[in-house]
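Structural overview for review
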Amino acid sequence: MSGVQPEKLRGRRDKAACALLLATSILALLRPAPLHAQETELRGEVSESAILSDQQRKAGSLVLAQQTAASADARDNAPARTYLPASAVPDDTDAANSTTSVFDPPQASDDTPPDAPTPPKPRRTSTARQNAADKAKDRATNKSKKKKSTTAATDPTTTATTARTDDTDGIAADQDAANRRALTIDSADRQKLDAGAERTTAIEGRNKKPEDDPFAATGVKWGSFVIRPTIEQGLTATTNGDSSSAGTSALLSETALRFTAASDWRENSATIDGYGIFRETVSGYRVHDAQGRIEGQLNVDLDKEMRAIAKLGYEAVPESASSPDAIAGVSTQPLRQSIDGSIGVEKAVGKMQYTLTGAVSHDFYGDAELSDGTSLSQKDQDNTLYTATLRTGYEISPALTPFTEIEVGRRAYDRRVDTEGFERSSTRLGARAGLQLDMGEKLSGEFSAGWLREAVDDKSLEAISGATVNADVKWSPQRGTMIGLTGKTTVETTTTSGESGDILYSGRLTGERVIRSNLTANAALGLDWRDYVGIDGHDRILSAEAGLTWWLNRYAGLTTRVRTEKLTSNLPGRDYTANSIYLGVKVQR
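Let me sum up the structure you'll find in this document. For every chain, the first residue of the written sequence is number 1, and numbering continues from 1 onward in sequence order. It should be noted that, the model being predicted, local features are given only for residues of pLDDT at least 70 and side-chain atom pairs only at 80 or more, the latter also being counted only at that level, while totals for whole chains, interfaces and linings use all residues. Side-chain calculation: all heavy atoms of the structure are included, whereas hydrogens and water are not.

**A few points about the overall build of the protein**
Looking only at helices and strands, the protein has five helices and 22 strands in total. Taking all 589 residues of the protein together, 24% fall into the buried category. In this description, contact between two residues means that some pair of their heavy atoms is separated by no more than 4.5 Å. The contacts of the protein with a sequence gap of at least 6 include a subset with a gap of at least 24, amounting to 55%. Computed by Shrake-Rupley with a 1.4 Å probe, the accessible areas treat only the displayed protein chains as cover when residues are assessed. Only carbon and sulfur atoms are counted for the fraction: they give 57% of the accessible area of the protein, which is about 39,900 Å². Put simply, DSSP marks the helices as runs of H or I at least four residues long and the strands as runs of E at least two long, and each gets a number from the N terminus on. Each residue is placed in one exposure class: buried if its accessible area under a 1.4 Å probe, protein chains only, is under 20% of its type's maximum, exposed if it is over 50%, and partly exposed if it falls in between.

In structure tokens, the structure reads:
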């Protein structure tokens with residue numbers, strides 16, 4: 001047994017040696033792979049520019065290697081230089097005048113002895129080391145050329161340090177170029193910020209443009225509309241509570257609600273306007289009434305030169321005590337309600353402009369409450385007016401457009417025959433000619449004059465006819481001042497026995513002046529003329545008004561106005577005079 005053990009031990013040693021040799025061989029085969037990958041630069045994504053620069057670099061390295069090999073062959077063929085000590089050099093007669101030192105290296109001499117031994121040839125470097133040396137020389141050469149103008153060193157130590165730094169930077173730059181990723185599509189958008197750019201100032205510090213009207217209502221955003229509501233509350237002291245021949249002085253509480261709404265659509269537009277006024281007696285003559293109106297307008301562009309305009313409105317107003325249809329001896333006048341709507345189409349053909357409009361207006365009345373508590377029906381006055389208007393204009397210039405209008409219509413009463421036995425339905429026909437002005441903010445509007453006739457179906461009643469005047473002009477002589485002129489002709493029907501009605505001419509001259517940004521003054525003059533048909537009667541109404549509004553801030557202000565009104569008639573029991581003064585608070589949003 002003791003003789004077998006050495007053989008087993010020797011076999012185990014042989015197996016261990018074989019395993020060690022096998023592992024060493026495998027490691028030797030695997031070790032060149034990373035080096036080969038580094039030399040071939042197979043790491044990461046390689047761009048086309050990197051490949052081109054690498055090819056140019058390798059071509060330069062090959063030329064430099066060839067030159068290095070040629071110089072090495074020349075050195076191999078040249079005879080070696082023999083060492084000669086300084087003591088063996090013969091004395092020179094001019095040694096005292098020489099500036100050389102004994103420590104200087106010996107000068108090259110061509111006197112090489114023939115029997116001098118030839119030095120051995122240097123060992124040829126490996127391919128990897130040769131390539132690394134060529135790359136280092138190439139990078140050093142390029143780097144020195146770039147920095148030649150700025151890095152000229154005279155001290156040997158500085159020169160050596162600069163060379164080592166350039167070699168290190170060149171190696172790092174070459175590795176960076178070899179491993180650089182290709183440019184992405186969005187890399188052009190990622191521009192570097194200018195470090196020296198001036199910092200943007202804060203929003204609060206910018207110079208803001210002053211507002212044209214710093215106390216105008218800002219409005220409230222509601223969907224696609226901007227609403228600007230206003231509420232006004234105050235007291236009115238008047239000498240005639242209801243503006244009638246029997247009215248007396250009173251102190252009234254007056255509340256007014258108004259609003260405007262405008263759309264912010266990109267193409268078409270819409271507006272909605274409304275108001276409501278409530279008056280209640282605080283002391284004196286008894287007054288209790290409420291009135292209001294709401295209307296909307298929609299503008300739609302059908303094509304480049306065609307537009308459609310639609311309007312719809314509702315109004316509720318008590319019958320005025322000064323109206324020809326006012327009922328004497330009642331505690332409350334009947335309430336008149338109106339629903340009106342229209343739709344029109346505008347078309348421009350060159351300089352010609354055409355507008356066709358159809359309108360419908362329906363009036364219906366409530367009952368009048370008598371002093372004894374009973375009521376009196378006013379159904380006889382309910383009627384509907386249908387009209388169609390054709391307007392033709394010619395644009396002389398963008399500022400002046402003369403036009404003509406033809407109007408036809410029909411007024412139909414709900415009751416064909418009233419309680420008095422009259423057929424009050426009528427046929428309407430009118431013609432007008434006028435001028436439209438458009439000079440921007442300076443002057444705009446239109447005015448016209450013509451003739452209107454409304455023939456009643458009942459032959460015993462005279463037709464209502466007469467000249468018509470209509471105007472709506474705004475003139476701004478200077479900034480902050482606005483002058484307005486409005487005129488209107490209205491046909492008023494009646495159910496009074498033996499009468500057809502009357503024509504009412506209304507005119508208003510208004511002015512508004514912005515004294516300060518928070519102080520506005522306004523004034524108005526009015527003239528109304530009523531001409532009765534069928535009887536020799538007429539009414540003349542003169543009015544004047546002046547007011548001030550002082551804004552405390554953008555949302556609240558104080559307002560006051562004084563007004564006088566006087567009616568003069570050749571008919572008995574219609575004259576009256578009313579003077580009033582108002583003081584209140586106005587709030588807007």
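**Describing the pairing of strand β20 (residues 538-551)**
Bridge analysis of strand β19 (residues 519-533) against β20 gives 13 bridges, and the strand direction is antiparallel. When the sheet's bridge partners are listed, D528 is paired in β20 with I541. Should DSSP find at least two bridges between two strands, the strands are regarded as paired. Count of turn residues in the β19/β20 antiparallel hairpin: four residues, of which G534 carries a positive phi of about 100 degrees. Sheet topology note: the β20/strand β21 (residues 556-569) ladder contains 13 bridges and is antiparallel.

**Overview of a nonpolar patch on the surface**
Taken together, the side chains of I231, L257, F278, W550, L552, L558, V585 and V587 define a hydrophobic patch exposed on the protein surface, amounting to about 690 Å² of accessible area. Turning to its location among the elements, L558 is positioned in strand β21. For patch detection, residues must exceed 30% relative accessible area and be free of salt bridges, and they are connected within 9 Å for like charges or within 5 Å for nonpolar side chains (Val, Leu, Ile, Met, Phe, Trp, Tyr). Throughout this description, the term salt bridge denotes a Lys or Arg side-chain nitrogen within 4 Å of a carboxyl oxygen of Asp or Glu.

**Describing empty space enclosed by the protein**
The way it works is a 1 Å grid over only the protein atoms, where trapped points that fit a 1.4 Å probe form a cavity and open points with protein on both sides within 12 Å along at least five of seven lines form a pocket, and then any residue with an atom within 4 Å of a point lines it. Grid points are joined across faces, edges and corners, and a volume is the space filled by probe spheres set on the points. In the structure shown here, the tally under the stated rule is one cavity of 30 Å³ or more. Considering only enclosed or pocket space, the largest cavity measures out at about 60 Å³ in volume. Lining the largest cavity are R411, Y413, R424, S426, E454, V456, I464, T493, T494 and S500. Mapped by element, the contributors of at least two residues to the lining of the largest cavity are β13 (400-413) and β15 (443-456). Asp, Glu, Lys and Arg are counted as charged, while Ala, Val, Leu, Ile, Met, Phe, Trp, Tyr, Cys and Pro are counted as nonpolar; the rest, among them Gly, fall into the polar class. Of the residues in the lining of the largest cavity, the class split is three nonpolar, four polar and three charged.

**Some points on the environment of G511**
Within the secondary structure, G511 is located in strand β18 (residues 501-516). It is 9.0 Å that separates the C-alpha atoms of G511 and L485, two residues lying 26 residues apart in sequence. Here G511 is in contact with M482, I483, A521, N522 and A523, once residues within four sequence places are set aside.

**Some points on the nonpolar core**
Residues L452, I464, V491, I503 and V533 constitute the largest nonpolar core, which totals five residues. Among residues more than four places away in sequence, those in contact with I464 are L452, R453, E454, V491, E492, S500, G501, D502, I503 and V533. Joining through side-chain atoms within 4.5 Å is the link that ties buried Ala, Val, Leu, Ile, Met, Phe, Trp, Tyr and Cys residues into a set, and such a set is a nonpolar core.

**Section: unusual backbone geometry**
Among all residues except glycine, the phi angle is most often negative; among peptide bonds, the trans geometry is most common. For S243, which is not a glycine, the phi torsion comes out positive at approximately 55 degrees. Summarising the element assignment, S243 is placed in the loop between β2 (225-238) and β3 (250-263). Since its relative accessible area comes to 23%, S243 is described here as partly exposed.

**Observations concerning the pattern of salt bridges**
Scanning the model with the defined rule gives 27 salt bridges in all. With its nearest N and O atoms 2.7 Å apart, the salt bridge here joins E454 to R411. Placement of the pair is E454 in strand β15 and R411 in strand β13, with a sequence separation of 43 residues. Here E454 falls in the buried class, since its relative accessible area comes to 2%. For E423, the salt bridge identified is with R416, shortest N-O distance 2.9 Å.

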